[in-house]
Amino acid sequence: MRAIAVEQGQYKTYILSDSINSTRLEVVPERGGIITRWRWRDRDLLYLDAERFANRELSVRGGIPILFPICGNLPDNTYTYQGQSYLLKQHGFARDLPWQVTAQSEPDPLSLTLTLTSNNQTYAAYPFDFCLEFTYQLQGDTLNIQQRYLNQSAEPMPLSTGLHPYFQVADKNRLQLDIPAEQYQDQMTKQTHAYSGGLDFNQTEIDIAFSSPTRQQAAVSDPEAGVQISLSWDSAYTTLVFWTVQGKDYYCLEPWTAPRNALNTGEHLISLAPGATLETCVTMTAKII
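Residues numbered from 1 in each chain as written. Predicted model: local features only at pLDDT ≥ 70, side-chain atom pairs only at ≥ 80, totals over all residues. Heavy atoms only, no water.

For the protein chain, the name recorded in an unreviewed UniProt entry is Aldose epimerase, with Desertifilum tharense IPPAS B-1220 as its organism.

Engineer: Quick question: what am I supposed to make of the overall build of the protein chain here?
Structural biologist: From N to C terminus, the protein chain includes three helices and 25 strands. Scaling as 2.2 N^0.38, a compact globule of 289 residues should have a C-alpha radius of gyration of about 19 Å, and the protein chain matches this with 18 Å. C-alpha atoms of the protein chain, sized along the principal axes, occupy 55 × 45 × 35 Å. Scored against the burial criterion, the 289 residues of the protein chain give a buried share of 54%. A separation threshold of at least 6 residues defines the contact pool for the protein chain, and within that pool the share at least 24 residues apart is 60%. For the protein chain, the exposed area adds up to about 12600 Å²; of that, 43% sits on carbon and sulfur atoms. Charge separation in the protein chain, taken as the distance between the mean sites of 21 positive and 31 negative side-chain charges, equals 4 Å. (Helix = DSSP H or I, 4+ residues; strand = E, 2+ residues; numbered from the N terminus. Rg over C-alpha atoms; globule rule 2.2 N^0.38 Å. Buried < 20%, exposed > 50% of the residue type's maximum accessible area, 1.4 Å probe, protein only. Contact = heavy atoms within 4.5 Å. Areas by Shrake-Rupley, 256 points an atom, 1.4 Å probe, with all protein chains shown as cover. Lys, Arg positive; Asp, Glu negative; His and termini not counted. Charge placed at Lys NZ, Arg CZ, Asp CG, Glu CD.)

Engineer: I'm lost on unusual backbone geometry in this one. Help?
Structural biologist: Comment: phi is negative for the bulk of residues other than glycine, and the bulk of peptide bonds are trans. Cis peptide bonds are those with omega within 30 degrees of zero, and the linkage from Glu-106 to Pro-107 qualifies with 0°. In this fold, Pro-107 is placed in the loop between strand 9 (100–105) and strand 10 (110–117). Omega for the peptide link from Asp-108 to Pro-109 comes to 5°, which places this bond in the cis form. The residue Pro-109 is located in the loop between strand 9 and strand 10 in this model. Positive phi outside glycine occurs at Asn-77, with the angle close to 55°.

Engineer: So what exactly am I meant to see when it comes to empty space enclosed by the protein here?
Structural biologist: If a probe as big as a water molecule is rolled over the atoms, it shows which places are left empty. Counting across every chain of the model gives one cavity of 30 Å³ or more. Estimated volume of the largest cavity: approximately 30 Å³. Forming the boundary of the largest cavity are Lys-172, Phe-201, Gln-203, Thr-204, Glu-205, Ile-206, Thr-244, Val-245 and Gln-246. Elements supplying a minimum of two residues to the lining of the largest cavity: strand 19 (205–211) and strand 22 (239–245). Each residue belonging to the lining of the largest cavity can be placed in one class, and the counts come to three nonpolar, four polar and two charged. (1 Å grid on protein atoms, 1.4 Å probe; cavity = no way out; pocket = protein on both sides within 12 Å on 5 of 7 lines; lining within 4 Å. Points joined across faces, edges and corners; volume = space filled by probe spheres on them. Nonpolar A, V, L, I, M, F, W, Y, C, P; charged D, E, K, R; others polar.)

Engineer: Can you walk me through the state of the cysteines in this structure?
Structural biologist: In a disulfide, the sulfur atoms of two cysteines are held together by a covalent bond. For the coordinates displayed, the defined rule picks out zero disulfides. Cys-252 supplies the cysteine sulfur nearest to Cys-71, a cysteine that is in no disulfide, at a spacing of 13 Å. Among the cysteines around Cys-131, which has no disulfide bond, Cys-281 carries the closest sulfur, lying 18 Å off. (Disulfide = S-S within 2.5 Å.)

Engineer: Would you take a moment to explain the nonpolar core for this structure?
Structural biologist: It is characteristic of soluble globular proteins that their nonpolar side chains tend to be buried jointly. Membership of the largest hydrophobic core comes to 73 residues, with the highest contact counts inside it found for Ile-179, Phe-242 and Met-284. For this core, the element with the highest residue contribution is strand 11 (residues 130–139), accounting for five residues. The next biggest cluster of nonpolar side chains, apart from the first, holds six residues, and it includes Tyr-166, Trp-243, Tyr-250 and Cys-252. (Core = buried A, V, L, I, M, F, W, Y, C linked by side-chain atoms within 4.5 Å.)

Engineer: Quick question: what am I supposed to make of the sheet that holds strand 10 here?
Structural biologist: As a general point, the strands of a sheet are linked pairwise by backbone hydrogen bonds and lie either parallel or antiparallel. Taken together, eight strands build an open sheet; the order of strands is 9-10-11-12-25-21-20-16 and the sheet is antiparallel. The sheet is open, and its two borders are formed by strand 9 and strand 16 (176–178), each paired with just one other strand. The mean angle between the axes of side-by-side strands here comes to 15°, regardless of whether they run parallel or antiparallel. As judged from the five bridges shared by strand 9 and strand 10, these two strands associate in the antiparallel manner. Note on strand 10: the bridge partner recorded for Ala-103 is Thr-113. (Pairing = 2+ DSSP bridges. Axes fitted to C-alpha atoms, helices over the stretch in contact; angles between N-to-C directions.)

Engineer: Would you mind showing me how to read the pairing of strand 20 (residues 217–222) here?
Structural biologist: In regular strands, side chains alternate between the two faces of the sheet. With five of six residues buried, strand 20 is to be regarded as a mostly interior element. Examined bridge by bridge, strand 16 and strand 20 share three bridges and lie antiparallel to one another. When the bridges of strand 20 are listed, Gln-176 appears paired with Ser-221. In this structure, strand 20 lies alongside strand 21 (residues 227–233), joined through six bridges in antiparallel fashion. Of the residues in strand 21, the one forming a bridge with Ala-219 is Ser-230. The antiparallel hairpin formed by strand 20 and strand 21 contains four residues in its connecting segment, where Gly-226 sits at a positive phi of about 75°.

Next comes the structure, spelled out in structure tokens:
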């Protein structure tokens, strides 16, 4: 049976369930349109900090937050557009604002579509008219995140976008990484290092960016959980970020369309013409190892 149900707790939660494939997806539109849970074959694949999630004043650490209209942070949280300075906090505002459910489909495909449109709150930080549409599609072992970005402004709209999935892990030292790159930049020191497939998880924090991966797919295997998660993305994405903090049971593998500070530097920044639409997709697949 494949179906969508709604539960009302602290937040209204949409639950996409597929009993045939033993999968379940939970989505909370009012908390940034976030996927909070992806349960697959009796395993919770995503990490969620429940205390932060319950506090509306805090950004969510866990699930799959949406990054828009920037990825990462800006120096002093500031950028300049047409001679005017704007304040825009880390990862943008899409992950903090309420989204609206605009479509759903069951049983095949099993999907939920959410929409975010510009408003007075977004204009203060980002002076553009836009409409974002995300469709979460659950199909067997695969989660497809289909995205549409529409520029409704009379001028070109600069943007970067990304996803920030928090994957659950018990022992990071056992992780096996398949990341298609030969070097990365440490986002804290700005130094570039050679990459040969391993990372030192004894560090307090790992925050690194792989630019221009050689293929549009990466995977992480967790032998302790017996699961491999692979991510694939389309050509709009140019940067893959890996982030984790010591003592926390998660790692993040994040596809971004542009690196940090792209709104100021222009590096890989997308510019959508008036009336134009960008369509992108990120796919996540789980398998037993």
